[in-house]
Amino acid sequence: MTGRSPQASDGLPVPEAPPVPHVLHVRFRLSSGATLGADAYERLLGLLSGFTPVVEALPPDAALADVRGSLRYFGRDAAGLALLLRVRALAQCGADCAIGIAANPLLARLASREAPLGAVRVVPGDPSAVAAFLGPLPSAALSGVGPATAKTLATYGLVTIGRIAATPLGTLQRIVGASAGHRLYQQARGVDPVRVTPNAPARTLAAEHSFGRDELDPVRHRRALLALTEEIGARLRTGHQAAGALTLTVHYADRSTTARTRALAEPTAHSPALTALAYRLHASLGLQRARVRAVVLRAEGLIPAELAFRQLAFDPADDRARRIEAVADRARATFGPHAIRPATLSDVA
């Protein structure tokens, strides 16, 4: 290959064809409205793997799939495969899904986010269609834009992706920093270098608690969160990992959901630190008397434990808590995951 653009017979460059949408971002939900369990999620991942081997799990209820190599085999475009996947998920697993389709994972995720349950939304590959799709979306929809960054961008009037796309690179870098500004500049134009990575190491770890009835009591909500952070902390430590952020998703009686994400002060697998952040996320939702059906807690930004830094606190109580935690982990490894639990969780399943 010469690296030069192809030329027509008149010597003028031939415009490159826009990329064909081939990445699926799938969000699964059980038709009954119940929270998707680990077993059901594994079955749905297996179903998706029947269409393409290039599947990346995004626990607890989503996945990415690159179907570029499957289009000719099935004789369908990506939207046709998505519709077939939905039919099979309903018939074989009793689960519905919302599917976004685009030329890269970023656009596919955003398309899935905008699609209601049972719908398939396709973002065409040509730049004008990408710009029209991204333009009205809020800045917080972009990967890496949390509440603090969104607030900073808003002070400059950059409240939508379209406004970010119209901002010069240098201006964005002055507002949010060189690296973050470059990433925003690219994402706002629909550019995403990330590829679907099959069998990638888990970048998230999730646990869920479903209440026996729609739960109004915030004290029981917090007890469920305590159980989840204890479970996640133990799993992180067993896997020699540390989490950089937590996402709390609350499922309500009317089948709606609310999610909040917040970064930890430092990457950690220490259960009390995870619990404190989970409680703050819960408080930020202002649920009061909301009828909660289930809560899902997801640890994100996982890194190897040896790469996590720890700020020395010189706090004897913290050191004692960590030593007790290590002893409890050894007991759980020998006698089972429920060998040692906080006393307040004695009646939590």
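Residues numbered from 1 in each chain as written. Predicted model: local features only at pLDDT ≥ 70, side-chain atom pairs only at ≥ 80, totals over all residues. Heavy atoms only, no water.

### Let's talk about the environment of L58
Line of reasoning, step 1. One can find L58 in strand β2 (residues 55–58).
Line of reasoning, step 2. Spatially, the C-alpha atom of L58 lies 9.1 Å from that of L205, the residues being 147 residues apart in sequence.
Line of reasoning, step 3. Other than its neighbours up to four places away in sequence, L58 contacts H25, Y41, A63, L64 and R203. (Helix = DSSP H or I, 4+ residues; strand = E, 2+ residues; numbered from the N terminus. Contact = heavy atoms within 4.5 Å.)

### Comments concerning the nonpolar core
Line of reasoning, step 1. Formed by 28 residues in total, the largest nonpolar core has its most connected members in L24, V26, L36, L44, L85 and I99.
Line of reasoning, step 2. The greatest single-element share of this core, amounting to seven residues, is contributed by helix α3 (residues 78–93).
Line of reasoning, step 3. Ignoring sequence-local partners within four residues, the contact set of L24 consists of A63, L64, A65, V67, A78, A82, I99, G100, I101 and A108.
Line of reasoning, step 4. One finds A224, L285, L297 and A299 within the second-largest nonpolar core, a separate group that totals 27 residues. (Core = buried A, V, L, I, M, F, W, Y, C linked by side-chain atoms within 4.5 Å. Buried < 20%, exposed > 50% of the residue type's maximum accessible area, 1.4 Å probe, protein only.)

### Quick word on the sheet that holds strand β3 (residues 62–66)
Line of reasoning, step 1. On the basis of which strands lie adjacent, the open sheet formed by five strands has the order β2-β3-β1-β4-β5 and mixed pairing. Strands at the two margins of the open sheet, each flanked by one partner only, are β2 and β5 (120–122). Along the sheet, successive strands turn relative to each other by an average axial angle of 15 degrees, direction set aside.
Line of reasoning, step 2. Sheet topology places strand β1 (residues 23–30) next to β3; five bridges connect them, and they run antiparallel. Across the sheet, residue V26 finds its bridge partner in β3, namely A63.
Line of reasoning, step 3. Packed onto the sheet, helix α1 (residues 38–49) meets β1, β2, β3 and β4 (95–102) and runs at close to 160 degrees relative to β2.
Line of reasoning, step 4. Contacts from helix α4 (residues 105–114) reach β1, β3, β4 and β5, with the element oriented near 135 degrees to β4. (Pairing = 2+ DSSP bridges. Axes fitted to C-alpha atoms, helices over the stretch in contact; angles between N-to-C directions.)

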